[in-house]
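Structure at a glance
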Amino acid sequence: MSADYFKFSQASRRDLLRAAMYGVSVSAGSALRMSLFGQAAAAVAAEAESNGKILVVLELSGGNDGLNTLIPYADDAYYKHRPNLGIPRKQVRAIDDHFGFSHGMAGFERLYKNGQLAIVHGCGYENPSFSHFTSMAYWQTAAPNSGEPYGWVGRLADAMAPGAPPNFLVDIDSHQSLAVRSKLHVPVVFDDPNRFTREVFAVERTVADAAVPAIKVDNPSQGYLLDIARSARSSSALVREAWAKYKSPVDYGLVSLDLPKVAALIQAGMPARLYYTSYRNNAFDTHVFQADVHQRLLTYASDAVAAFLADLERIGRADDVVVMIFSEFGRRVPENVNLGTDHGTANLMFVAGKQVKGGHYGKVPSLTDLDSGDNLIFTTDFRRVYATMISGWLGYRGTRELLHADFESFDMFRKREA
Amino acid sequence: MPDPERPVAISPAAPTAGPSAWQNDLAPIASADWNYNFAAHLLERAGFGGRPDEIHALAKLTPAQAIARMVRFEDADPTQLAPFDESGIRDPGLEPFPPSRPAVTDQAKETGHALGIDVKRAGNRRLQPIVNEFFYWLRASVLETHRVAYWWANRMLTSPRPLEEKMALFWHGHFASNEGKVRDYRKLLRQVELFQSQGTGNFRKLLLAVAQDPAMLVFLDAGVNIKGASNENFAREIMELFTMGVGHYTEKDIREAARAFTGWNCVDIKFVVNKDQHDDGEKTFLGKTGPFDGSDVINIILDQPATADFIAAKIYRFFVRQDPSPQLQATLGSKLRNANYELKPLLETIFLSRDFYSPASVGTAIKSPVELAVGTYHKLGLTAIPGVPDFNSVTGALGQQLLSPPTVAGWNAGQSWVTPGLLLERGNFARDVLFPTISFIPPDRYGSPDIRSVADRIRRGMDITEATKPDTKSGDLAESNMAADRDEEFNTRYGSYRGWQMAIERVKAIPRDTAHINLTKIITGAEIKTTSDAIDYLIGRFMRVPPGGEVRQKLIAFLDYELGTADLAAARTYMEDSLRLALHLIMSQPEYQLA
């Protein structure tokens with residue numbers, strides 16, 4: 001792609017987009033010239049390209065039951081809290097003398113045993129919300145109890161690449177996630193790559209393929225739609241071609257969580273550094289009869305993530321990508337009377353990748369010292385894991401401004417070769 | 001201030017919006033200010049858009065009369081709207097429907113029967129008929145729900161009371177339930193009928209009816225909210241999403257409210273209170289103490305000022321714009337409160353206000369997928385929702401399938417409706433309407449690839465075990481594929497296939513007519529003479545915000561070239577295809593998404 005990134009802090013997003021468009025369209029004689037931005041461009045490009053690493057965020061929506069994901073089978077308190085839902089020791093896929101994965105999670109077990117899976121314990125925040133929507137918004141903005149309007153991945157994109165080069169930030173979903181909401185970038189949001197195309201007849205091309213008019217409008221919704229149209233124009237062909245060329249022998253299982261699409265884009269050399277995808281529609285909200293359905297959800301997620309890493313290995317990019325997995329909260333420690341679990345607090349996070357130093361991180365929360373609502377007391381602010389991704393993995397230094405406070409990173413990645 | 005690009009053919013040179021000083025002004029607009037474009041805006045928002053004849057009819061009235069016609073619609077005869085045409089798919093043994101396939105087979109193994117069917121005495125796959133019936137109902141209910149959605153969309157398209165349907169759509173997003181969890185089209189149908197019949201009535205009555213509505217009871221797990229073991233799902237959402245919003249109650253209030261709702265449940269499609277499951281002890285809820293039940297909790301919630309503020313603001317955001325000022329919200333909230341939660345006075349205030357016709361409000365809403373599809377059909381002059389393209393597939397792909405909101409929070413509205421992928425998809429929808437595919441596959445008759453693969457192998461004579469083995473690519477088989485079928489008493493994949501077959505035998509087919517469109521007749525009827533007037537007419541008829549930049553000139557040049565003349569009289573016999581191409585290009589514009 002073009003390296004014509006530019007930094008111009010006073011410029012509005014629309015001005016920048018317009019400039020970007022002029023950079024690739026016919027109106028080179030316009031008042032908005034590349035030279036205006038030229039000097040800053042190299043610096044920004046250098047920053048954005050600093051280490052070329054890619055972060056994939058996978059959201060498990062609905063509140064995954066962490067205790068039945070990674071089972072503390074050596075802790076009697078677990079079985080006391082979960083007389084019916086507790087997963088018997090003999091069904092657990094033990095990874096050490098204390099913990100084991102739920103029996104369908106062969107994929108995670110393999111990743112862990114290969115040293116490619118970091119398990120972070122007790123992730124949460126002060127004054128937790130038990131509402132899906134509120135807590136998810138806190139995780140997506142990395143700003144609990146604040147009202148931050150932009151997503152943390154969106155802010156990260158703005159900070160890493162303030163020139164807002166196209167196709168830097170990808171969200172594969174039916175609608176845009178709050179997590180990628182950005183001040184400067186228009187995230188590439190699509191669901192089905194085959195449908196990510198304007199279907200036109202040959203005779204319509206002169207009008208249909210014309211550049212989106214660079215006009216100033218007073219109607220903010222119209223301005224938004226024109227920005228979206230520009231983004232669609234610059235990304236749809238890339239995405240479609242990447243998907244058409246992608247053929248993988250890797251079995252992602254029954255629910256691939258859009259990870260093959262991410263693999264296809266990475267294989268095709270999409271310039272995106274940040275990907276966001278989710279197990280959608282509150283799937284993990286298991287209030288009633290959870291055993292079978294939760295087991296199934298975990299199997300699917302574990303299959304898909306393990307397959308994704310295998311696929312990255314196949315295409316030779318395994319060293320460049322990590323996947324961070326989270327859910328908006330865990331579930332209450334004691335099972336409920338409906339053979340399910342209710343909304344809880346602290347939970348596990350996972351980070352998977354070939355460059356990840358596998359193992360346990362953070363302090364394991366106590367199953368006997370619970371809060372007044374029978375919930376785990378969090379031990380790790382989830383933003384420590386975000387900070388680890390931002391500085392430790394992506395190499396961006398301004399973590400403090402991004403997350404509005406200092407959060408200590410974990411030493412989670414292997415030493416890079418010089 | 002006349003705009004040279006405005007389609008003069010149908011709209012007098014009237015402003016599309018009032019002065020910006022009207023923003024936040026709830027005073028009614030004066031008759032002298034009323035015009036064609038304001039009437040068009042009213043139909044766009046309070047209904048699903050208007051055709052020129054409908055807009056003219058409203059423009060001729062005073063604003064007060066026009067708004068009364070929309071809101072006080074009791075005189076508009078709804079009898080032409082047929083009730084839902086049931087396929088008749090419900091079997092007697094299905095109630096109560098178990099929560100999962102394993103629950104069905106466990107029950108069958110324990111008791112010897114389930115879903116009204118006995119376990120086979122001997123032989124192989126003794127549970128198979130029961131598993132088949134389980135998948136039959138799942139599939140049949142989904143397919144029948146698709147028919148309910150068609151029925152509702154047809155009402156949106158043709159009702160003489162468009163606001164009744166628009167408000168029902170609002171409540172469907174507010175009190176969201178979906179088929180995926182409810183698994184019973186009858187409950188969802190009744191919920192839609194509730195929103196239609198009470199959606200513009202009184203919020204107090206509506207809220208109580210929703211709390212006792214079988215679809216909602218199932219959707220938010222009422223069945224498992226019992227004395228001594230309350231389930232907080234409904235109690236939380238009624239406060240967070242349905243009435244007050246976060247910040248007006250505590251976690252303890254949620255637990256206490258959940259106790260008050262214990263025992264509220266449904267049997268089949270009837271609301272019941274199971275007295276022995278109801279906790280009639282004292283509860284302390286939002287500062288009041290007493291042996292409350294669900295109705296008491298609802299009354300206490302409705303006594304909170306936050307409730308009217310929250311509901312009024314949400315209605316405003318749906319009909320007007322996303323960012324009402326706090327002061328405007330407070331004023332609208334007190335209107336609703338003072339009207340004792342009657343909704344029509346609030347709706348009249350909103351639609352009559354200068355604020356509604358201010359530049360901040362006009363042409364600034366992004367159409368939802370259902371509004372886009374129904375509005376497109378309405379403005380094309382159709383009298384039925386086409387079967388091709390499939391309405392549910394289209395709206396689902398665009399992010400708003402009826403009776404299938406993703407979560408209890410409904411849909412994210414506003415800018416969330418459009419992403420780069422979805423903007424292109426919206427243009428593709430227009431093409432699928434104007435130039436329908438000739439290889440259309442009806443999704444209500446045609447199973448998924450997995451099902452079809454099983455079906456093909458069974459018909460080729462393979463035994464069930466072989467026929468239902470998953471296709472595997474080379475490499476390791478994922479755990480989920482290995483684990484799919486290990487129980488020899490039944491075969492899940494076969495059950496899923498057989499369930500499909502049983503379902504399509506009994507669920508009526510959706511008619512698959514394509515849209516009957518005649519743009520030549522529309523253009524000729526409007527006495528349009530030139531290509532530039534035709535483009536202006538189409539822009540005026542279909543868009544509330546004209547496309548920016550050079551797009552209009554490009555469209556005119558395109559039509560000139562396509563027709564070989566600028567004179568429509570010369571091209572009258574062959575202009576249909578070219579007009580449709582031009583309309584497709586118009587409907588692909590970013591501005592077509594605005595209402």
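A few words on the overall build of chain A. Within chain A, the secondary structure is distributed over 12 helices and 12 strands. Expressed as a percentage of its 418 residues, the buried residues of chain A come to 57%. A separation threshold of at least 6 residues defines the contact pool for chain A, and within that pool the share at least 24 residues apart is 72%.

Further remarks concern the confidence of the model for chain B. All names here are of chain B. Chain-level statistics for chain B give a pLDDT mean of 93 and a share of 95% at 70 or above. Within the model, pLDDT remains below 50 along residues 1-12, and this stretch shows 28 contacts once partners closer than five positions in the same chain are excluded. With pTM at 0.82, the complex prediction returns an ipTM value of 0.93.

Moving on: the pairing of strand 8 (residues 274-279) of chain A. Residue and element names in this part refer to chain A. Here strand 8 lies mainly inside the structure; 6 of its 6 residues are buried. Side-chain alternation along strand 8 places L274, Y276 and S278 on one buried face and Y275, T277 and Y279 on a second face that is also buried. In the sheet, strand 1 (residues 54-60) pairs with strand 8 via 6 bridges, with the strands oriented parallel. Across the sheet, residue L58 finds its bridge partner in strand 8, namely T277. Across 4 bridges, strand 6 (residues 169-172) lies against strand 8 in parallel orientation. Its bridge partner being in strand 8, L169 is matched across the sheet by L274.

Right, let's talk about the nonpolar core for a bit. Counting 269 residues, the largest nonpolar core has M324 of chain A together with A582 of chain B as the members making the most contacts within it. Among the elements that line this core, the one with the most residues is helix 10 (residues 290-315) of chain A, at 12 residues. Leaving out residues up to four positions away in the same chain, A582 of chain B has contacts with I535, L538, L555, F558 and L559 of chain B. Counting residues in hydrophobic clusters, the runner-up holds 23 residues, among them I89, V104, F135 and V454 of chain B.

Turning to unusual backbone geometry, a few remarks are in order. Cis rather than trans, the peptide bond between E95 of chain B and P96 of chain B has omega equal to -5 degrees. By the element assignment, P96 of chain B lies in the loop between helix 3 (63-71) and helix 4 (101-111). The omega torsion across V388 of chain B and P389 of chain B is 0 degrees, close enough to zero to call that bond cis. Along the polypeptide, P389 of chain B turns up in the loop between helix 17 (369-379) and helix 18 (391-398). At L339 of chain A, a position not held by glycine, the phi torsion is positive, near 60 degrees. Inspection of the secondary structure puts L339 of chain A in the loop between strand 9 (321-326) and strand 10 (347-352). Using a count of 18 C-beta atoms within 10 Å as the deciding quantity, one classes L339 of chain A as partly exposed. Backbone geometry at D221 of chain B places phi at a positive 60 degrees, although glycine is not the residue there. Counting through the fold element by element, D221 of chain B comes out in the loop between helix 10 (214-219) and helix 11 (233-243).

Turning our eyes to something else, we now look at the sheet that holds strand 2 (residues 70-71) of chain A. All names here are of chain A. Taking strand neighbours across the sheet as the criterion, the 3 strands line up as 2-4-3 in an open arrangement whose pairing is antiparallel. Each edge of the open sheet is held by one strand with a lone partner, namely strand 2 and strand 3 (93-94). Here strand 2 runs beside strand 4 (residues 100-101); their pairing, made up of 2 bridges, is antiparallel. Following the sheet pairing, L70 is matched in strand 4 by F101.

Along its 31 residues, helix 5 (residues 128-158) of chain B runs 45 Å from first to last C-alpha, staying within 8% of the 45 Å computed at 1.5 Å per residue. Here helix 5 of chain B lies mainly inside the structure; 25 of its 31 residues are buried.

Turning next to the packing of helix 3 of chain B against helix 16 (residues 343-352) of chain B. Residue and element names in this part refer to chain B. It is the contact of helix 3 with helix 16, at a shortest axis distance of 10 Å, that shows an interaxial angle of 140 degrees. Classified by the interaxial angle, the pair formed by helix 3 and helix 16 is oblique. Crossing of helix 3 against helix 16: the hand is right-handed. Here P63, A64, I67, M70 and V71 of helix 3 lie close against helix 16, whose contacting residues are K344, L347, E348, F351 and L352. Here the contact of helix 3 with helix 16 is built from residues that sort into 8 nonpolar, no polar and 2 charged.

Before going further, it helps to examine the interface of chain A and chain B. Every contact between the two is made by 64 residues of chain A and, on the other side, 63 residues of chain B. Of all elements in the fold, only helix 4 (106-113), helix 5 (132-141), strand 7 (188-190), helix 7 (205-208), helix 8 (220-245) and helix 10 of chain A reach the threshold of two or more residues within the side of chain A that touches chain B. Here the side of chain A that touches chain B is built from residues that sort into 32 nonpolar, 23 polar and 9 charged.

With that out of the way, let us pick up the pairing of strand 6 of chain A. On a regular strand, each side chain points to the face opposite its neighbour's, so the side chains alternate between the two faces of the sheet. Residue and element names in this part refer to chain A. The alternating pattern of strand 6 places L169 and D171 on one face and V170 and I172 on the opposite face, and all of these are buried. As judged from the 3 bridges shared by strand 6 and strand 7, these two strands associate in the parallel manner. Bridged to V170 within strand 7 is V188.

Glancing now at the environment of L208 of chain B. Residue and element names in this part refer to chain B. With respect to the helices and strands, L208 occurs in helix 9 (residues 203-211). Put simply, L208 and S295 are 87 residues apart on the chain and 7.0 Å apart in space, counted from C-alpha to C-alpha. Among all residues touching L208, those that are not within four sequence positions of it are S295 and I298.

What counts as what
- Residues numbered from 1 in each chain as written.
- Chains lettered and ligands numbered in written order.
- Predicted model: local features only at pLDDT ≥ 70, side-chain atom pairs only at ≥ 80, totals over all residues.
- Helix = DSSP H or I, 4+ residues; strand = E, 2+ residues; numbered from the N terminus.
- Buried ≥ 20, exposed ≤ 12 C-beta atoms within 10 Å, placed from the backbone.
- Contact = placed C-beta atoms within 7 Å.
- pLDDT = per-residue confidence, 0-100.
- Pairing = 2+ DSSP bridges.
- Core = buried A, V, L, I, M, F, W, Y, C linked by C-beta atoms within 7 Å.
- Expected span 1.5 Å × (residues − 1).
- Axes fitted to C-alpha atoms, helices over the stretch in contact; angles between N-to-C directions.
- Parallel < 35°, antiparallel > 145°, perpendicular 65-115°, else oblique.
- Left-handed = near helix turned anticlockwise from the far one by under 90°.
- Nonpolar A, V, L, I, M, F, W, Y, C, P; charged D, E, K, R; others polar.

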